[in-house]
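Observations on the three-dimensional arrangement
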Amino acid sequence: MFYLVKTPSLLKKLYPGCVWDIQTPEKILYLTFDDGPQPEVTKFVLEELKKYNALATFFCIGDNVKKHFETYREVIEMGHQPGNHTFNHLNGWKTKDADYLENIAMATNVIDSNLFRPPYGRITNFQIKALKGGRFNLATVMWSVLSGDFDEKLSGENCYLNVINNSKPGSVIVFHDSLKAFARLQYALPRVLEYFSLKGYEFKSVRLL
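Residues numbered from 1 in each chain as written. Predicted model: local features only at pLDDT ≥ 70, side-chain atom pairs only at ≥ 80, totals over all residues. Heavy atoms only, no water.

Here we come to the overall build of the protein. Helices and strands together make up the secondary structure of the protein, namely eight helices and eight strands. Computed over the C-alpha atoms, the radius of gyration of the protein is 16 Å, within 12% of the 17 Å expected from 2.2 N^0.38 for a compact globule of 209 residues. Overall, the C-alpha framework of the protein stretches about 45 × 40 × 35 Å when taken along its three principal axes. Within the protein, contacts between residues separated by at least 24 positions form 78% of all contacts whose residues are at least 6 apart in sequence. Of the roughly 10100 Å² of accessible surface on the protein, a fraction of 52% belongs to carbon and sulfur atoms. Here the protein contributes 25 positive and 22 negative side-chain charges, whose respective centroids are spaced 6 Å apart. (Helix = DSSP H or I, 4+ residues; strand = E, 2+ residues; numbered from the N terminus. Rg over C-alpha atoms; globule rule 2.2 N^0.38 Å. Contact = heavy atoms within 4.5 Å. Areas by Shrake-Rupley, 256 points an atom, 1.4 Å probe, with all protein chains shown as cover. Lys, Arg positive; Asp, Glu negative; His and termini not counted. Charge placed at Lys NZ, Arg CZ, Asp CG, Glu CD.)

This is the structure:
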């Protein structure tokens, strides 16, 4: 499995229509969680965030929202920002444009948000443009730092180090509130929150006009 922990500038230039980080001189980080909601894991995340008055963004799979709506509602009630992650976790490179966009539209029926993140980060510039206008009005939010918690070959310590060694003010950081990532997330997330809180950072959700 190949992936880059820190997003290179060249990749950002290839997809100029996406949000990769949020420029700020302040000590602010943007934690994001993909693939939920999943009751056990998402509730763990919410409890850890609450300890630090941290806000985050949850890019939810529509089918999971439908199955676990109470957990999704708890995310909203605690002040976090939801985002659309398609209805069935589709890969934009391997899905016909019409089918991909329709799947995202299905997710909008249960996820009220103007933010979208493509599963696997795989999306075409045509799809990005289509989501910006028309019936969608969705901003495509990528990331600047991957924790790697989805990678079963990594330890929780590796995921923690990936984040603290590559994040800076304005970084958009990816974790996953999924069962697959849970063991590594349980180790890394509390330590990331503590490390950056002690350094005077705030954690905010992504909110775009």
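Turning next to helix 6 (residues 125-132). An α-helix turns once every 3.6 residues. As a result, residues three or four positions apart point the same way. Those residues of helix 6 not exposed but buried are Gln-127, Ile-128 and Leu-131. For helix 6, the buried positions fall inside an angular range of 100° around the axis, keeping them on one side. Structural note: helix 6 exposes Phe-126 and Lys-129 on the side pointing more than 90 degrees away from its buried face. The secondary structure elements touched by the buried residues of helix 6 are helix 5 (97-108), strand 4 (115-116) and strand 5 (139-140). (Buried < 20%, exposed > 50% of the residue type's maximum accessible area, 1.4 Å probe, protein only. Arc of directions from axis to C-beta.)

On to unusual backbone geometry. Cis peptide bonds are those with omega within 30 degrees of zero, and the linkage from Gly-36 to Pro-37 qualifies with 0°. Position of Pro-37 relative to the elements: it lies in the loop between strand 1 (28-34) and helix 2 (39-51). Of note, the phi angle at Asp-35 is positive, near 85°, even though the residue is not glycine. Within the secondary structure layout, Asp-35 lies in the loop between strand 1 and helix 2.

In this section: the pattern of salt bridges. Scanning the entire structure with this criterion turns up seven salt bridges. Between Glu-102 and Arg-135 there is a salt bridge; the shortest N-O distance is 3.6 Å. Here Glu-102 is found in helix 5, whereas its partner Arg-135 is found in the loop between helix 6 and strand 5, with 33 residues between them in sequence. (Salt bridge = Lys/Arg side-chain N within 4 Å of Asp/Glu carboxyl O.)

Any functional reading would require information beyond the geometric quantities listed.
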